[in-house]
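Listed below are the residues making up each chain.
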Amino acid sequence: MPVPLKMEIPMKLRIVTHNIHKGLSQFNRRMMVHELREGLRQVGADIVFLQEVQGQHHAHARRFQNWPAAPQYEFLADQVWQDHAYGRNAAYDHGHHGNAILSRFPILSAENQDISGHALERRGILHCIIGLPGGQRLHCMCLHLALTER
């Protein structure tokens, strides 16, 4: 006789995903990272998936008066999401950007896998394992796909 599987009742999670366009408005005219932080906090998400997160950008730091001193994922997570992970996808002379996951729960592991189709458009998958209450583990993958079919 088969042994019945133990079925866990899934907990409810509030999840949001957002391409933050490096914390800038359309056409890069205005810094929006402070408004983004407020908006994300109002949503009240447990886990946040972010694309085009600026890890560092020296030119923007000089251009915009209130540019955060910390990487954007740390600035956005501050005092709300206890854990965060960042996967750098594109690096250039003045900085780098990639994907990030912010979590109210512990991130047990994080790995960024390069999935770039060509050198001009760097892409990656940020894979995190998040520890949920009751010992459950949640695999999370944050990615920003390229514009080409390949």
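Residues numbered from 1 in each chain as written. Predicted model: local features only at pLDDT ≥ 70, side-chain atom pairs only at ≥ 80, totals over all residues. Heavy atoms only, no water.

**Some thoughts on the state of the cysteines**
Here's step 1: This model, assessed by the stated rule, comprises zero disulfides.
Here's step 2: Just so you know, Cys 140 is unpaired, no disulfide at all, and the nearest cysteine sulfur is the one on Cys 128, 6.8 Å from it.
Here's step 3: A relative accessible area of 3% places Cys 140 in the buried class.
Here's step 4: Among the cysteines around Cys 142, which has no disulfide bond, Cys 128 carries the closest sulfur, lying 8.4 Å off. (Disulfide = S-S within 2.5 Å. Buried < 20%, exposed > 50% of the residue type's maximum accessible area, 1.4 Å probe, protein only.)

**Section: the nonpolar core**
Here's step 1: Leu 40, Val 48, Leu 50, Val 53, Leu 76 and Leu 102 are the most contacted members of the largest nonpolar core, which totals 21 residues.
Here's step 2: Where this core is concerned, the elements lending two or more residues are helix H1 (33-43), strand E2 (47-57), helix H3 (72-77) and strand E4 (95-103).
Here's step 3: In terms of residue count, H3 provides more of this core than any other element does, four residues in total.
Here's step 4: Apart from residues no more than four positions distant in its own chain, Leu 76 is found in contact with Ile 20, Val 33, Leu 36, Arg 37, Leu 40, Arg 41, Leu 50, Trp 81 and Leu 102.
Here's step 5: With 12 residues, the next largest nonpolar core counts Phe 105, Ile 107, Cys 140 and Cys 142 among its residues. (Core = buried A, V, L, I, M, F, W, Y, C linked by side-chain atoms within 4.5 Å. Helix = DSSP H or I, 4+ residues; strand = E, 2+ residues; numbered from the N terminus. Contact = heavy atoms within 4.5 Å.)

**Side note on the pattern of salt bridges**
A side chain with one charge may pair with a side chain of the opposite charge, provided their charged atoms come close.
Here's step 1: Per the stated rule, a full pass over the model turns up three salt bridges.
Here's step 2: Across the salt bridge formed by Glu 35 and Arg 30, the nearest N and O atoms sit 2.8 Å from each other.
Here's step 3: With relative accessibility at 40%, the residue Glu 35 sits in the partly exposed group.
Here's step 4: When the shortest N-O distance is used, the salt bridge between Arg 104 and Asp 46 registers 3.7 Å. On the criterion of sequence distance, the pair formed by Arg 104 in the loop between E4 and strand E5 (107-114) and Asp 46 in the loop between H1 and E2 is long-range, its members being 58 residues apart.
Here's step 5: For Arg 104, a relative accessible area of 32% puts it in the partly exposed group.
Here's step 6: Taking relative accessible area as the criterion, Asp 46 reaches 16% and is therefore assigned buried. (Salt bridge = Lys/Arg side-chain N within 4 Å of Asp/Glu carboxyl O.)

**Observations concerning the sheet that holds E4**
Strand pairing in a sheet relies on backbone hydrogen bonds. The paired strands run either parallel or antiparallel.
Here's step 1: Taken in spatial order, the four strands make up an open sheet running E1-E2-E4-E3, and their pairing is mixed. On the outer flanks of this sheet lie strand E1 (15-19) and strand E3 (83-92), each paired with one strand and no other. This sheet shows a mean twist of 25 degrees between the axes of neighbouring strands, independent of strand direction.
Here's step 2: Strand direction decides the pairing type here: E2 and E4, joined by eight bridges, are antiparallel. By the bridge assignment, Leu 50 is partnered in E4 with Ala 100. (Pairing = 2+ DSSP bridges. Axes fitted to C-alpha atoms, helices over the stretch in contact; angles between N-to-C directions.)

**Observations regarding the pairing of strand E7 (residues 137-143)**
Here's step 1: Looking at chain direction, strand E6 (residues 124-131) and E7 are connected through seven bridges and run antiparallel. Within E7, the residue paired with Cys 128 across the bridge is Cys 140.
Here's step 2: Hairpin connection from E6 to E7: five residues lie between these consecutive antiparallel strands, with Gly 134 at a positive phi of about 80 degrees.

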